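Listed below are the residues making up each chain.
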Amino acid sequence: MCIRDRSTQSTGDTPVYNAHTSAGDALWAGLPLITIMGKTMPSRVCGSMVTAAGFPEMIVSSFEEYEERAVEYAYDRRKLNELRGRLEKARTTMPLFDTKQYVRDLEKGLLEAWKRYLQEKDPEHIDVSLLP
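This report concerns the structure included in the present document. Being a predicted model, the structure only gives us computed values, none of them experimental. (Residues numbered from 1 in each chain as written. Predicted model: local features only at pLDDT ≥ 70, side-chain atom pairs only at ≥ 80, totals over all residues. Heavy atoms only, no water.)

Here the focus is the packing of aromatic side chains. Counted according to the given criterion, the structure contains two aromatic pairs. The residue whose ring lies beneath R91 is W28, and the NZ or CZ to ring-centre distance is 4.0 Å. (Phe/Tyr/Trp six-rings, centres within 6.5 Å; stacked < 30°, edge-to-face > 60°. Lys NZ or Arg CZ within 6 Å of the ring centre and 35° of its normal.)

Here is the structure:
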């Protein structure tokens, strides 16, 4: 899936190996993206992205629910357009789309990891939101 065309109305995701970069492209373009959250990392990426964009309702738990949701959006233009409008607004408000903040947080995390390494500390989880 590689959708960068705003004329597309919605899109679906593959369950075994989810969309990664193309999920970000679809969400940025304002396309509702239905996904099934699996148990492996590659099958959970898109679910994490739609959640980070503020749309956890786009995650379904079965193929039947996936099909129902796709048909629902195909036939209910009002609901589809409402969702697309919310996605459009999310581009300016949700952390998933805030590249500058992502870079700042990544740099803080890498610097903290480097400091820990130089101090010969064991690796551990770094929560950048708790760093100065």
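Let us look at the nonpolar core. Formed by 20 residues in total, the largest nonpolar core has its most connected members in A23, L27, L33, V50, F55, M58 and Y73. Those elements that provide at least two residues to this core are helix 1 (21–28), strand 2 (33–36), helix 2 (45–52) and helix 4 (77–90). Discounting residues that sit within four places of it in the chain, F55 has contacts with V50, L83, R86, L87 and A90. (Core = buried A, V, L, I, M, F, W, Y, C linked by side-chain atoms within 4.5 Å. Buried < 20%, exposed > 50% of the residue type's maximum accessible area, 1.4 Å probe, protein only. Helix = DSSP H or I, 4+ residues; strand = E, 2+ residues; numbered from the N terminus. Contact = heavy atoms within 4.5 Å.)

Right, let's talk about the pattern of salt bridges for a bit. If the charged atoms of two oppositely charged side chains come close together, the side chains can form a pair. For the coordinates displayed, the defined rule picks out seven salt bridges. Among the ionic pairs, E57 bridges to R86, the shortest N-O distance being 2.9 Å. Residue E57 is found in the loop between helix 2 and strand 3 (59–60), and its partner R86 is found in helix 4; the two are separated by 29 residues along the sequence. Here E57 falls in the partly exposed class, since its relative accessible area comes to 30%. Assessed through its relative accessible area of 33%, R86 is described here as partly exposed. One salt-bridge network, held together by shared partners, links E65, R69, E72 and K79. (Salt bridge = Lys/Arg side-chain N within 4 Å of Asp/Glu carboxyl O.)

Before going further, it helps to spend a moment on helix 2. Regarding helix 2, the residues found buried are V45, C46, G47, M49 and V50. Structurally, helix 2 contributes buried residues whose contacts are with helix 1, strand 2 and strand 3. In the segment just after helix 2, G54 is the residue with positive phi, at about 95 degrees.

Turning our eyes to something else, we now look at helix 1. Regarding helix 1, the residues found buried are S22, A23, G24, A26 and L27. Positive backbone phi, at 85 degrees, marks G30, one or two positions downstream of helix 1.

For the pair helix 1 and helix 2, the least separation of the axes is 9 Å and the interaxial angle reads 30 degrees. In terms of their interaxial angle, helix 1 and helix 2 are classed as roughly parallel. In this structure, helix 1 meets helix 2 at a crossing whose hand is right-handed. For the pair helix 1 and helix 2, contact is made by A23, G24 and L27 and by C46, M49 and V50, respectively. Here the residues of the contact of helix 1 with helix 2 are counted per class, giving five nonpolar, one polar and no charged. (Axes fitted to C-alpha atoms, helices over the stretch in contact; angles between N-to-C directions. Parallel < 35°, antiparallel > 145°, perpendicular 65-115°, else oblique. Left-handed = near helix turned anticlockwise from the far one by under 90°. Nonpolar A, V, L, I, M, F, W, Y, C, P; charged D, E, K, R; others polar.)

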